Amino acid sequence: MDSARITRYISDLWDAEIVPQLVQYIRIPNKSPMFDRDWAAHGYMDAAVQLMETWARSKLSQLTGATLEVVRLEGRTPLIYIEVPGQGDDTVVLYGHLDKQPEMTGWSEGLGPWTPVQKGDKLYGRGGADDGYAIFGSLAALLALREQGVPHARCVILIEACEESGSYDLPYYVDHLAPRIGNPSLVVCLDSGCGNYDQLWLTTSLRGMTGGELTVQVLEEGVHSGDASGVVPSSFRILRELLSRLEDPETGRIKPNELYADIPQQRIEQAKSAAGVLGKAIYQKFPFVEGMQPVTEDLTELVLNRTWRPQLAVTGVDGLPPLESAGNVLRPKTSVKLSLRVPPTLDGAKAGEFVKQLLEQDPPYGAKVSFKLEKDGSGWNAPPLSPWLEQAVAEASRQYFGAPAAYMGEGGSIPFMGMLGAKFPQAQFLITGVLGPHSNAHGPNEFLHIPTGKKVSMVVAEVIARHFQPHSR
Ligand SMILES: [Zn+2]
């Protein structure tokens with residue numbers, strides 16, 4: 001294989017077609033169903049599917065025998081299914097998603113979620129990096145191999161539209177398509193993160209996630225706070241007390257042992273070396289206000305906190321008026337949305353049930369407390385790396401990044417990886433991505449680091465080529 005030609009081909013394709021496609025894609029506000037309950041009526045999801053479908057179809061003739069189908073199961077988000085025939089009996093699955101996180105506030109002047117802006121190497125806007133580029137990067141890799149006649153296994157590309165809502169539609173598609181997908185020996189996922197933009201980062205684990213809406217109601221309607229305070233317990237205070245069952249308010253440590261898992265020794269070693277490579281960048285990548293400190297200065301502990309320990313975020317609130325219209329009222333209820341990350345090897349559904357019981361049992365003062373579970377994805381811990389993949393990853397990183405590969409767990413969740421890991425215990429995983437320092441997926445000022453998008457596409461080409469070489473496995 002001519003690596004220089006792979007580099008040239010993929011880089012040119014990104015500049016000529018993929019970046020312009022992503023610019024169009026960023027304009028579409030196709031929020032994941034959890035953030036746009038009327039997504040079907042709004043039609044944005046269909047617009048995003050159509051954009052990707054049109055581009056992918058225009059490339060199929062260069063991938064002899066390839067087929068594309070937009071699969072639509074009744075009442076569910078659509079899924080783009082592409083099959084590229086190959087040689088031998090093996091199958092490679094390449095995964096990505098096209099639904100997006102909601103807008104979020106705090107975008108800088110001139111930037112916005114649905115406003116694509118290119119500044120130097122960065123393409124700003126929602127969903128370019130998370131994870132719109134995946135279908136383009138995956139196809140670019142396969143096109144680059146075909147262009148110089150490098151053989152590869154049969155490849156199946158799956159692009160779902162429900163990931164940011166916990167992939168609740170995906171199991172139905174996986175069941176529906178199981179006979180066509182086959183039994184993959186390699187899974188490629190481009191929806192993950194990187195510790196920096198200087199080398200290839202392989203994701204070794206992903207946290208699971210559970211969460212939902214916690215509501216505390218104390219009154220049928222709001223009343224004068226001067227009249228009621230001291231008599232009627234505040235829903236905010238009760239909520240605070242309930243949250244303290246879950247999280248230590250002083251340290252942020254999650255209290256129940258049921259929400260922890262044993263951390264494998266190898267992962268502790270890898271956390272130490274990742275901490276060594278990244279140094280203080282582990283926390284300096286966050287836009288701290290002046291004077292603000294991280295949870296601890298121990299860098300290895302920070303890596304383990306964000307990859308192997310349960311942690312809570314309160315991501316939304318209801319029942320509280322905005323400040324300008326807040327009168328002296330003892331409000332009837334307070335609701336918050338909880339997002340609880342759980343360790344990679346913990347059962348997400350069981351963790352969710354445990355949290356529900358923990359929060360709902362023995363409500364203080366007999367308040368009406370409900371926890372509506374919304375997400376229950378289990379995490380994922382990589383199986384031991386096959387020697388061929390370890391070598392392919394090492395050489396691809398040196399070839400295209402000019403630096404050795406690095407290994408780290410990610411704090412985020414990709415529910416599909418847990419599902420696949422359980423379904424195909426024999427499969428090897430190449431999980432990587434472009435979500436590096438300041439790329440800020442889910443927050444304001446999300447950007448795609450274009451050179452990293454290109455390099456990751458090249459790495460995928462290299463790894464798929466090596467996967468096919470029987471002597472290398
Ligand atoms: Zn994503």
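Small disclaimer: the values here were computed from a predicted structure and weren't measured. Within each chain, residues carry numbers counting from 1 in the order of the written sequence. Restriction of local features to residues with pLDDT of at least 70 applies here, the model being predicted, together with a cutoff of 80 or more for giving and counting side-chain atom pairs; totals for whole chains, interfaces and linings are based on all residues. Computation of side-chain values: all heavy atoms of the structure, hydrogens and water removed.

Caption draft 1: Focus on the overall build of the protein. Helix and strand content of the protein: 14 helices and 18 strands. To get the radius of gyration, use the C-alpha atoms; to get the globule rule, take the number of residues to the power 0.38 and multiply by 2.2 Å. Here the protein has a C-alpha radius of gyration of 23 Å; the compact-globule value for 473 residues is 23 Å, and the two agree. Its C-alpha atoms put the protein at 80 × 50 × 45 Å along the principal axes. Of all 473 residues assigned to the protein, the portion counted as buried reaches 55%. Nonlocal contacts in the protein, meaning residues at least 24 apart in sequence, comprise 80% of its contacts between residues at least 6 apart. To measure how exposed things are, a 1.4 Å probe is used in the Shrake-Rupley method; for residues, cover is taken only from the protein chains shown. Of the roughly 20400 Å² of accessible surface on the protein, 50% is carried by carbon and sulfur atoms. If you average the places of the 43 positive and of the 55 negative side-chain charges in the protein, the two averages end up 2 Å apart. Secondary structure elements are taken from DSSP: a helix is a run of H or I of four residues or more, a strand is a run of E of two residues or more, and numbering for both begins at the N terminus. For every residue, the accessible area obtained with a 1.4 Å probe (protein chains only) is divided by the maximum for its type, and the residue is called buried under 20%, exposed over 50%, and partly exposed between those limits. Two residues qualify as a contact provided that any one of their heavy atoms is within 4.5 Å of a heavy atom in the partner residue. Residues scored as charged are limited to Lys and Arg (positive) and Asp and Glu (negative), so that His and the chain ends carry no count. Taken as the charge centre is NZ of Lys, CZ of Arg, CG of Asp or CD of Glu, depending on the residue.

Caption draft 2: Local environment of the packing of helix α12 (residues 387-401) against helix α14 (residues 450-468). Only the stretch in contact is used when fitting a helix axis, every axis being a line fitted to C-alpha atoms; angles between N-to-C directions are given from 0 to 180 degrees. Relative orientation of the contacting elements α12 and α14 amounts to 145°, with a least axis distance of 9 Å. Between α12 and α14 lies a crossing whose hand is right-handed. In contact with Trp 388, Leu 389, Ala 392, Glu 395, Ala 396, Tyr 400 and Phe 401 of α12, α14 contributes Lys 455, Val 456, Met 458, Val 459, Glu 462, Val 463, Arg 466 and His 467. Among the residues forming the contact of α12 with α14, the class breakdown is 10 nonpolar, one polar and four charged. Each crossing is labelled by how the near helix is turned from the far one, with a counterclockwise turn of less than a right angle marking it left-handed and a clockwise turn marking it right-handed. Each residue is assigned to one of three groups, with Ala, Val, Leu, Ile, Met, Phe, Trp, Tyr, Cys and Pro labelled nonpolar, Asp, Glu, Lys and Arg labelled charged, and all others, Gly among them, labelled polar.

Caption draft 3: Layout of the side chain of Ser 339. The topology assignment puts Ser 339 in strand β13 (residues 333-342). The class for Ser 339 is buried, based on a relative accessible area of 12%. Once residues within four sequence positions are removed from consideration, Ser 339 is found in contact with Met 209, Thr 210, Gln 311, Leu 312, Ala 313 and Thr 315.

Caption draft 4: Local environment of the pairing of strand β8 (residues 201-206). Of all six residues in β8, six are buried, a share of seventy percent or more. The pairing of β8 with strand β16 (residues 406-410) spans four bridges and is classified as parallel. Its bridge partner being in β16, Trp 201 is matched across the sheet by Ala 406. Each pair of strands is called paired provided DSSP finds at least two bridges between the two strands. Sheet topology note: the β8/strand β15 (residues 380-381) ladder contains two bridges and is antiparallel. The partner of Leu 206 across the bridge, within β15, is Trp 380.

Caption draft 5: View of empty space enclosed by the protein. Grid points spaced at 1 Å and placed over the protein atoms alone form the basis of the search, with a cavity being a set where a 1.4 Å probe fits but cannot get out and a pocket an open set showing protein on both sides within 12 Å along at least five of seven lines. Lining residues have an atom within 4 Å of a point. Grid points are joined across faces, edges and corners, and a volume is the space filled by probe spheres set on the points. This model, assessed by the stated rule, comprises two cavities of 30 Å³ or more. Every residue along the wall of the largest cavity is listed here: Cys 194, Gly 195, Leu 278, Ala 281, Ile 282, Lys 285, Val 303, Arg 306, Met 408, Glu 410, Leu 435 and Pro 437. If you list the elements that add at least two residues to the lining of the largest cavity, you get α9 (281-284), α10 (299-308) and β16. Across the lining of the largest cavity, the residue classes break down as eight nonpolar, one polar and three charged. Its volume calculated, the second largest cavity comes out at about 50 Å³. Mapped by element, the contributors of at least two residues to the lining of the second largest cavity are β8, α8 (265-278), α10 and β16. Among the elements that line the lining of the second largest cavity, the one with the most residues is α10, at four residues. Residue composition of the lining of the second largest cavity, grouped by class: five nonpolar, five polar and one charged.

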